[in-house]
Amino acid sequence: MKKVNQPKVQWVVAIGAAFAWFGNHCGAGFCSGLTLLKYFTRAGWLSLVTTIIPFIILGFVFYYMGEYSRLIRADSYKDVAFSLYSKKEAVGKVMVVVFDVIVLVSLLVNSSTVLAGAGTFLNQALGMNYFLGTLLCLLIVVAISMFGATIMAKIDLPLGVIMTSCILIVAAILLKENWSGVTHIVQTKETFNVSTGSAIGDMLWYTGIQVGFCSAYIAIAGKFTSKNDNKVMAIFGGFLNGFMLFVVSLAVLSRMPGISTSVIPIYDMIVERFGSTGILSVIYSVGLFLAYVSMSDVVAVCARFGPWFNPRKKYNQAVVDMIFGTVLLGVSLLLAQLGVVALVTKGYQLISFLRIPTFIVGGLVFAPWRIHQINKQRAASLTESAESESALK
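Residues numbered from 1 in each chain as written. Predicted model: local features only at pLDDT ≥ 70, side-chain atom pairs only at ≥ 80, totals over all residues. Heavy atoms only, no water.

**Considering the overall build of the chain**
Working step 1: Within the chain, the regular secondary structure consists of 17 helices and zero strands.
Working step 2: Across the chain, every contact between residues at least 6 apart in sequence was considered, and the portion connecting residues at least 24 apart equals 82%.
Working step 3: For the chain, the accessible area works out to roughly 19,000 Å², and carbon and sulfur atoms hold 67% of it. (Helix = DSSP H or I, 4+ residues; strand = E, 2+ residues; numbered from the N terminus. Contact = heavy atoms within 4.5 Å. Areas by Shrake-Rupley, 256 points an atom, 1.4 Å probe, with all protein chains shown as cover.)

**Focus on helix α5 (residues 54–72)**
Residues that lie three or four places apart on an α-helix share one face, since the helix turns once every 3.6 residues.
Working step 1: Across its 19 residues, α5 extends 27 Å between first and last C-alpha, which sits within 8% of the 27 Å expected from 1.5 Å per residue.
Working step 2: With 14 of 19 residues buried, α5 lies mostly within the body of the structure.
Working step 3: In the segment just after α5, R73 is the residue with positive phi, at about 55 degrees. (Expected span 1.5 Å × (residues − 1). Buried < 20%, exposed > 50% of the residue type's maximum accessible area, 1.4 Å probe, protein only.)

**With respect to empty space enclosed by the protein**
Working step 1: Enumeration over the complete set of coordinates arrives at two cavities of 30 Å³ or more.
Working step 2: Here the second largest cavity is characterised by a volume of approximately 40 Å³.
Working step 3: Surrounding the second largest cavity, I167, V170, A171, L174, V248, A251, I266 and M269 form its lining.
Working step 4: At the level of elements, α9 (149–187), α12 (227–253) and α13 (265–274) are the ones that each hand at least two residues to the lining of the second largest cavity.
Working step 5: Per-element accounting of the lining of the second largest cavity gives the leading share, four residues, to α9.
Working step 6: Residue composition of the lining of the second largest cavity, grouped by class: eight nonpolar, no polar and no charged. (1 Å grid on protein atoms, 1.4 Å probe; cavity = no way out; pocket = protein on both sides within 12 Å on 5 of 7 lines; lining within 4 Å. Points joined across faces, edges and corners; volume = space filled by probe spheres on them. Nonpolar A, V, L, I, M, F, W, Y, C, P; charged D, E, K, R; others polar.)

**Re the nonpolar core**
A general trend in soluble globular proteins is that nonpolar side chains are found buried together.
Working step 1: Grouped together as the largest cluster of nonpolar side chains are 100 residues, with contacts concentrated most on F30, F62, M65 and Y284.
Working step 2: Take this core: its biggest share by element is 13 residues, from helix α7 (residues 89–126).
Working step 3: Among all residues touching F62, those that are not within four sequence positions of it are W21, Q210, V211, F213, C214, Y217 and M233. (Core = buried A, V, L, I, M, F, W, Y, C linked by side-chain atoms within 4.5 Å.)

**So, the packing of aromatic side chains**
Working step 1: In total, this model carries 18 aromatic pairs according to the counting rule given.
Working step 2: Measuring from ring centre to ring centre gives 4.9 Å for F309 and F324, while their planes differ by 40 degrees; the resulting arrangement is tilted. Of this pair, F309 sits in the loop between α15 (297–305) and α16 (317–336) while F324 is found in helix α16, placing the two residues 15 residues apart along the sequence.
Working step 3: Take F309: its relative accessible area is 51%, and that puts it in the exposed class.
Working step 4: You can call F324 buried: its relative accessible area is 13%.
Working step 5: Aromatic rings pair up to connect W21, F55, F62, F213, Y217 and F224 into one cluster. (Phe/Tyr/Trp six-rings, centres within 6.5 Å; stacked < 30°, edge-to-face > 60°.)

**A look at the pattern of salt bridges**
Pairing of side chains with opposite charge becomes possible as their charged atoms draw close.
Working step 1: One pass over the structure, following the stated rule, counts five salt bridges.
Working step 2: E272 is paired through a salt bridge with R255; the nearest N and O atoms lie 3.2 Å apart. Of this pair, E272 sits in helix α13 while R255 sits in the loop between α12 and α13, and the two are 17 residues apart along the sequence. (Salt bridge = Lys/Arg side-chain N within 4 Å of Asp/Glu carboxyl O.)

**Some points on the environment of T164**
Working step 1: Examined against the element boundaries, T164 turns out to sit in helix α9.
Working step 2: Classification of T164 as buried rests on a relative accessible area of 14%.
Working step 3: Along the chain, T164 and M244 lie 80 residues apart, while their C-alpha atoms are 8.6 Å from each other.
Working step 4: Apart from the residues lying within four places of it in its own chain, the contact partners of T164 are F22, C26 and M244.

And the structure:
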């Protein structure tokens, strides 16, 4: 029997996908520390456990969803949504609509949270009126999305490096200076009156939030040539995201409960330690604001849904997309007036509620089942082919 050459691992693409996953994770909520505060450190010492688990779960989800995408050569999440959950065409069409709704709702919640976060940051850092801050952020996002998306795409990597470096430096300094706070919380098993059940619930909500990049990863994995590509991405990406989540949450925990009421905890900790004019504070402030305005969801959603409003192509599609994107951001601006805390707690939970039964259950239950079926069918075909060749000899 001839030995089949195994495809080489696409290291650059797989590692690049892992960093893209972290870039998605390291958004405004993570960089500001608000999501870490709301979903983890408020539970005290329990966060030492709950911060470890999400990306272990997501590592398996991304591997199986990615491997299924590779086997069917998926071009987008539509291909997976149509075929993963049932062999019936009607069910597939319904699931495509469900995925589209999830993507659209996610955009509205994410963009409104970004606007609210930017408004809060500009209010605290510069004293700007909250509404004007959200409006300014909206105008910048519209300009970037419609006219400068390629420029922003080029600075996303260095931006991510700057933000990650700043956060790690700050985390290291804060942990060194406040390590006694962490040890006290652990030794006294302080949970700040948060039950174990609530801590686990918050952890699961956060897991559902962070599976969102899977919709984009499906298209990447569809081009992979080996399951090892998916393994590399899932293992390295899961470790990178999990490590950063654990370390930065630990830094926020070191200042609990004093930082518990902050809406931009990491920024507040930096300013308190280095002052508002310190070099690290300035670099972090610029990076944080760029993180707020550099969201690319608007472009992606306009590309997906814009043609719906121009089915006969009577109008310039770029103009249609611009109008559609502006309307979406206008709705987001109205939602942003609810405040960043309300959006992070309620809005993100809505996204998680929609993603858990689709992406996470799909990745942990349906995808392994479908992969097994595909591999079984291929093995049967190879056996049948080998038997036919033997019969002809």
